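Fold and contact review
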Amino acid sequence: FGPVTLSDGTTATLNKIGIQTFLGTPVLYPGDFSGVNLGAKINTAIASLTSSGGVIDARGFVGAQAITSTITVDKPVLLFLGAVTITGSVSNWFTVTSMLIVEGQGKAQTFLTQSLLTGTVFNIASTSSFILRDLRIDSASAQTAGAYVALTGTGGNANTHSIIEYCLFQSQWIGIDMGQTAA
């Protein structure tokens, strides 16, 4: 699909799932919300959305940023990340129980760095879709446990309705864990 215009007038390139889900939903900017770091601002923005979800546009954040507490995604969210290096110091960066699409600016522009020896960046504990595109995830040191992406939702949809493309994973114990919890 080509570029589409979001409700705030910005354009984005989305796949079929994104177009069907997010056209007509609000576009929020984490800089407009309270929080001690980018992670807290994203979490506050998501919490302010209705159950229909929306777009969180964090492309305005550049350079070194942090996630120090878990971000809860409990409604459909399209998260745009810009030219940023985000360092996380929490066991689960994102706990996802609804659809989540994360769009970076490319493997040479959007970096997620886990600073813990164990932990999971995206814990997909849902039956919804997960899409991760155009970013790099690495670790500050060699991991001893955890995964960058853990697809553990019951019912199997997290495993069968997920897309990970144009990403680079480095220095992790497990890049993608497709284990499933008991139904």
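Fair warning: this is a prediction, and the values are worked out from it, not measured in the lab.

Let us now look at the pattern of salt bridges. Pairs can form between side chains of opposite charge once their charged atoms are near each other. Scanning the entire structure with this criterion turns up 5 salt bridges. Across the pair Arg133 and Glu103 runs a salt bridge, and its minimum N-O distance is 2.2 Å. Taken together, the residues span a long stretch of sequence, with Arg133 in strand E13 (residues 130-139) and Glu103 in strand E10 (residues 100-103) at a distance of 30 residues. The class for Arg133 is buried, based on a relative accessible area of 10%. Residues Asp138 and Arg136 are paired through a salt bridge, measuring 2.7 Å at the closest nitrogen-oxygen approach. Classification of Asp138 as buried rests on a relative accessible area of 10%. For Arg136, a relative accessible area of 22% translates into the label partly exposed. Residues joined by salt bridges that share partners form a network here, namely Glu103, Arg133 and Glu165.

Once that is clear, we can look at the environment of Gly39. Tracing the backbone shows Gly39 in helix H2 (residues 38-48). Spatially, the C-alpha atom of Gly39 lies 8.6 Å from that of Gly88, the residues being 49 residues apart in sequence.

Below, the discussion takes up the sheet that holds strand E6 (residues 71-73). With parallel pairing, the 5 strands of this open sheet are ordered in space as E6-E9-E12-E14-E16. Two strands bound the open sheet, and with one partner strand each, they are E6 and strand E16 (174-177). Averaged over all pairs of adjacent strands, the angle between strand axes in this sheet comes to 10°, irrespective of strand direction. Both E6 and strand E9 (residues 92-96) contribute to a ladder of 3 bridges, which runs parallel. Pairing of Ile71 across the sheet is with Phe94, part of E9.

Let us now look at the nonpolar core. Core analysis: the biggest nonpolar cluster contains 35 residues, and Leu79, Phe94, Leu100, Leu112 and Phe122 have the highest contact counts within it. Ignoring sequence-local partners within four residues, the contact set of Phe94 consists of Ile67, Ile71, Val73, Leu79, Leu100, Val121, Phe122 and Asn123.

Scanning the model with the defined rule gives 3 aromatic pairs in all. Ring geometry for Phe122 against Phe130: centres 5.4 Å apart, planes inclined by 50°, an arrangement best described as tilted. Residue Phe130 is classed as buried on the basis of its relative accessible area, which comes to 0%. For the pair Tyr148 and Phe169, a centre-to-centre distance of 5.6 Å together with 70° between the ring planes defines the contact as edge-to-face. Within this pair, whereas Tyr148 is found in strand E14 (residues 147-151), its partner Phe169 is found in strand E15 (residues 162-169), the two being separated by 21 residues in sequence. Using a relative accessible area of 1% as the deciding quantity, one classes Tyr148 as buried. We classify Phe169 as partly exposed; its relative accessible area is 23%. What links up through ring pairs into an aromatic cluster is the set Phe94, Phe122 and Phe130.

Calculation criteria
- Residues numbered from 1 in each chain as written.
- Predicted model: local features only at pLDDT ≥ 70, side-chain atom pairs only at ≥ 80, totals over all residues.
- Heavy atoms only, no water.
- Salt bridge = Lys/Arg side-chain N within 4 Å of Asp/Glu carboxyl O.
- Helix = DSSP H or I, 4+ residues; strand = E, 2+ residues; numbered from the N terminus.
- Buried < 20%, exposed > 50% of the residue type's maximum accessible area, 1.4 Å probe, protein only.
- Pairing = 2+ DSSP bridges.
- Axes fitted to C-alpha atoms, helices over the stretch in contact; angles between N-to-C directions.
- Core = buried A, V, L, I, M, F, W, Y, C linked by side-chain atoms within 4.5 Å.
- Contact = heavy atoms within 4.5 Å.
- Phe/Tyr/Trp six-rings, centres within 6.5 Å; stacked < 30°, edge-to-face > 60°.

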